[in-house]
Amino acid sequence: QVQLVESGGGLVQAGGSLRLSCGSSSVTFGGYVMGWYRQAPGKERESVATIASGGGAFYADSVKGRFTISRDDVKNTVYLEMNSLKPEDTAVYYCNRVQQWARVPWGQGTQVTVSS
């Protein structure tokens, strides 16, 4: 069964930090551009950060300087370190391969709630 498993979310006050993890026993991350996405209530899913196999990373303007994406292909895991969290970061966070042709079914995601 193809499955992505996100974890690490929770409730945090504004200014706080969280570290999200995404892993899979059935989806290979190595060799693929991986990304973190988020979907807030009533909004479309949006890209937050991406990381290439070589480690090159790109970030949405809204999280630049606050979030850091990283990967460990040996552990088949992608991470998202989130600092200086804001209420507008509240969303369900997902990971997936970035290229459309390589995309796999979305996982359940992990809820991040930032209180003001």
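Bear in mind the structure is a predicted one, so any value in this text is a computation, not a measurement. (Residues numbered from 1 in each chain as written. Predicted model: local features only at pLDDT ≥ 70, side-chain atom pairs only at ≥ 80, totals over all residues. Heavy atoms only, no water.)

Student: Can you help me understand the overall build of the chain in this one?
Tutor: Along the backbone of the chain there are zero helices and 10 strands. Secondary structure elements of the chain, listed N to C terminal, follow the sequence β-β-β-β-β-β-β-β-β-β. Against the globule reference of 13 Å for 116 residues, the chain gives a C-alpha radius of gyration of 13 Å, in line with a compact fold. In terms of its C-alpha atoms, the chain occupies a principal-axis envelope of roughly 40 × 25 × 25 Å. With 116 residues in all, the chain has 41% of them scored as buried. Accessible surface for the chain amounts to roughly 6100 Å². Of this, 49% is attributable to carbon and sulfur atoms. A gap of 2 Å separates the mean positions of the 11 positive and 9 negative side-chain charges of the chain. (Helix = DSSP H or I, 4+ residues; strand = E, 2+ residues; numbered from the N terminus. Rg over C-alpha atoms; globule rule 2.2 N^0.38 Å. Buried < 20%, exposed > 50% of the residue type's maximum accessible area, 1.4 Å probe, protein only. Areas by Shrake-Rupley, 256 points an atom, 1.4 Å probe, with all protein chains shown as cover. Lys, Arg positive; Asp, Glu negative; His and termini not counted. Charge placed at Lys NZ, Arg CZ, Asp CG, Glu CD.)

Student: What is the right way to look at the side chain of E6 in this model?
Tutor: With respect to the helices, strands and loops of the structure, E6 is situated in strand 1 (residues 5-7). In this structure, E6 is buried with no salt-bridge partner, the nearest side chain bearing the opposite charge being R45 at 8.0 Å. Polar side-chain contacts of E6 include one of 3.1 Å to the backbone nitrogen of C95. From its side chain, E6 meets the backbone nitrogen of G109 in a polar contact 2.9 Å long. (Salt bridge = Lys/Arg side-chain N within 4 Å of Asp/Glu carboxyl O. Polar contact = N/O pair within 3.5 Å; in protein donor to acceptor, adjacent residues only side chain to side chain.)

Student: For this particular structure, what's the right way to read the nonpolar core?
Tutor: Soluble, globular proteins show a tendency: their nonpolar side chains are buried together. Grouped together as the largest cluster of nonpolar side chains are 26 residues, with contacts concentrated most on W36, V48, F67, L80, M82 and Y93. Broken down by secondary-structure element, the contributors of at least two residues to this core are strand 3 (18-23), strand 4 (34-39), strand 5 (46-51), strand 7 (67-72), strand 8 (77-82), strand 9 (91-97) and strand 10 (110-115). Contact partners of F67, with chain neighbours within four places excluded, come to R38, V48, Y59, L80, E81, M82, N83, L85, D89 and Y93. (Core = buried A, V, L, I, M, F, W, Y, C linked by side-chain atoms within 4.5 Å. Contact = heavy atoms within 4.5 Å.)

Student: What is the right way to look at the sheet that holds strand 3 in this model?
Tutor: Strand pairing within a sheet occurs via backbone hydrogen bonds; the two strands may be parallel or antiparallel. With respect to topology, four strands assemble into an open sheet ordered 1-3-8-7, the strand pairing being antiparallel. Pairing within the sheet leaves two strands with one partner each, and these edge strands are strand 1 and strand 7. In this sheet, neighbouring strand axes are inclined to one another by 15° on average, regardless of whether the strands run parallel or antiparallel. Relative to strand 8, strand 3 runs antiparallel, the two sharing six bridges. Within the sheet, the bridge partner assigned to L18 lies in strand 8 and is M82. (Pairing = 2+ DSSP bridges. Axes fitted to C-alpha atoms, helices over the stretch in contact; angles between N-to-C directions.)

Student: How do you make sense of the packing of aromatic side chains when you look at a structure like this?
Tutor: The description of an aromatic ring pair uses the distance of the two centres, along with the angle that the planes make with each other. The final tally for this structure, using the stated rule, is three aromatic pairs. Considering the side-chain rings of Y32 and W101, the 6.2 Å spacing of their centres and the 50° angle between planes classify their relative orientation as tilted. Highlighted residues: Y32 in the loop between strand 3 and strand 4 and W101 in the loop between strand 9 and strand 10, separated in sequence by 69 residues. When its relative accessible area of 68% is taken as the criterion, W101 is described as exposed. A centroid spacing of 5.2 Å and a plane angle of 90° characterise the contact between Y37 and W106, whose relative ring orientation is edge-to-face. Linking Y37 in strand 4 with W106 in the loop between strand 9 and strand 10, this pair joins segments that are 69 residues apart in sequence. Three or more aromatic residues link up through ring pairs in this structure, and these residues are Y37, Y94 and W106. Note that R45 overlies the ring of Y94, its terminal NZ or CZ placed 4.3 Å from the centroid. (Phe/Tyr/Trp six-rings, centres within 6.5 Å; stacked < 30°, edge-to-face > 60°. Lys NZ or Arg CZ within 6 Å of the ring centre and 35° of its normal.)

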